[in-house]
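What the coordinates show
Here's the letter readout for the chains.
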Amino acid sequence: MTEHMTETSGPADLDRRLADALERIGHGMRSLTQRTAREHGLSPLQQQTVLALSRQPTVRREVSALAAEFDVTTPTMSDAVSALERKQLVTRSPGADGRRRLLTLTDSGEEVARRLTPWDGPLLDALAGLPVEHRAVTLDSLLHVIAELQRRHVVSVSRTCTTCRFFGAHAHADPAAPHHCHLLRTPLPLTDLRTDCPEHQPATA
Ligand code: SF4
């Protein structure tokens, strides 16, 4: 051990430092969310809702589904949606049972979503400074971690490749495209792994 290395240096402590780094990023992003939401007259949860509805306008979303996605209770999610309705950013339309459940953005809501994007620009800029191969391997690793956390009931809902029933892990020898999508019937390059796939079906379904 060199004089500059501490007792916590080296591979033995790598996981601890990785967890610390992820936690640090989480703190920073929470603070950034609060700032950008406040600038647009929203709460952080309202901002998340506007962005989620804007990202995939064709996905039919209800309050309960968003609550599961954001790890909040249904009443908390319902309050956020009601506030967005009062601000005329979101409307509810009838679902299959005729009740007004499905959420869509109004034109004003779309405009707010456009102004919010990309709310996480500093993070995207920081990532863009890494070589693409590093970013691809990092994405693969983080999606693996998310799948593990979902199995341990820490992350409740994710539509990532690694939690999808169509995902074939390490099906190919190519290190740049080791996984397979059995729905699309094609190898999945690491750079193409999805974090919010509309075709996703839970592996446990
Ligand atoms: S269906 Fe979508 S989430 Fe599932 S493995 Fe294929 S690309 Fe990934």
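Please refer to the structure placed before this passage.
Please read all numbers here as calculations on a predicted model, not as lab measurements.

Here we come to helix α4 (residues 74–86). For α4, with 13 residues, the first-to-last C-alpha span of 18 Å sits near the 18 Å given by 1.5 Å per residue. Within two residues after α4, Gln88 carries a phi angle of roughly 60°, on the positive side.

Next up on the list: the environment of Leu123. Within the secondary structure layout, Leu123 lies in helix α6 (residues 121–128). Take Leu123: there are 14 C-beta atoms within 10 Å of it, and that puts it in the partly exposed class. Placed 24 residues apart in sequence, Leu123 and Ala147 show a C-alpha to C-alpha distance of 22 Å.

This part takes up the nonpolar core. If you look at the biggest cluster of nonpolar residues, it comprises 17 residues, and the most contacted ones within it are Val50, Met77, Val81, Leu84, Leu89, Val90 and Leu105. Elements with a contribution of two residues or more to this core: α2 (44–55), α3 (63–69), α4, β2 (100–105) and α5 (107–116). No other element matches α4, which puts four residues into this core. Excluding residues within four positions of it along the chain, Met77 makes contact with Val63, Leu66, Ala67, Phe70 and Val72. The next biggest cluster of nonpolar side chains, apart from the first, holds eight residues, and it includes Leu143, Cys164, Phe167 and Cys181.

As a further point, take the site of the ligand. Around the ligand, the neighbouring residues are Cys161, Cys164, Phe166, Phe167, Cys181, Leu183, Leu184, Arg194, Cys197, Glu199 and His200. Residues belonging to the shell around the ligand are distributed by class as follows: eight nonpolar, one polar and two charged.

The interhelical angle for the contact between helix α1 (residues 14–39) and α2, taken along N-to-C directions, is 80°, at an axis separation of 8 Å. Relative to α2, the element α1 lies roughly perpendicular. Counting all contacts with α1, which are made through Thr33, Gln34, Thr36 and Ala37, the residues of α2 involved are Pro44, Gln46 and Gln47. Of the residues that constitute the contact of α1 with α2, the class distribution is two nonpolar, five polar and no charged.

What follows concerns the sheet that holds strand β3 (residues 167–168). Read across the sheet, three strands follow the order β3-β4-β5 without closing on themselves; strand pairing throughout is antiparallel. The open sheet has two edge strands, β3 and β5 (186–188), and neither has a second partner. When strand β4 (residues 179–181) meets β5, the two strands line up antiparallel, connected through three bridges. Note that in β5 the partner of Cys181 across the bridge is Thr186.

Direction vectors running N to C along α2 and α5 enclose 100°, while the axes themselves pass 9 Å from each other. Relative to α5, the element α2 lies roughly perpendicular. Contacts from Gln47, Val50, Leu51 and Ser54 in α2 reach Gly109, Glu110, Val112, Ala113 and Leu116 in α5. Looking at side-chain class alone, the contact of α2 with α5 contains five nonpolar, three polar and one charged residues.

What counts, and where the lines are drawn
Residues numbered from 1 in each chain as written. Predicted model: local features only at pLDDT ≥ 70, side-chain atom pairs only at ≥ 80, totals over all residues. Helix = DSSP H or I, 4+ residues; strand = E, 2+ residues; numbered from the N terminus. Expected span 1.5 Å × (residues − 1). Buried ≥ 20, exposed ≤ 12 C-beta atoms within 10 Å, placed from the backbone. Core = buried A, V, L, I, M, F, W, Y, C linked by C-beta atoms within 7 Å. Contact = placed C-beta atoms within 7 Å. Near = placed C-beta within 6 Å. Nonpolar A, V, L, I, M, F, W, Y, C, P; charged D, E, K, R; others polar. Axes fitted to C-alpha atoms, helices over the stretch in contact; angles between N-to-C directions. Parallel < 35°, antiparallel > 145°, perpendicular 65-115°, else oblique. Pairing = 2+ DSSP bridges.

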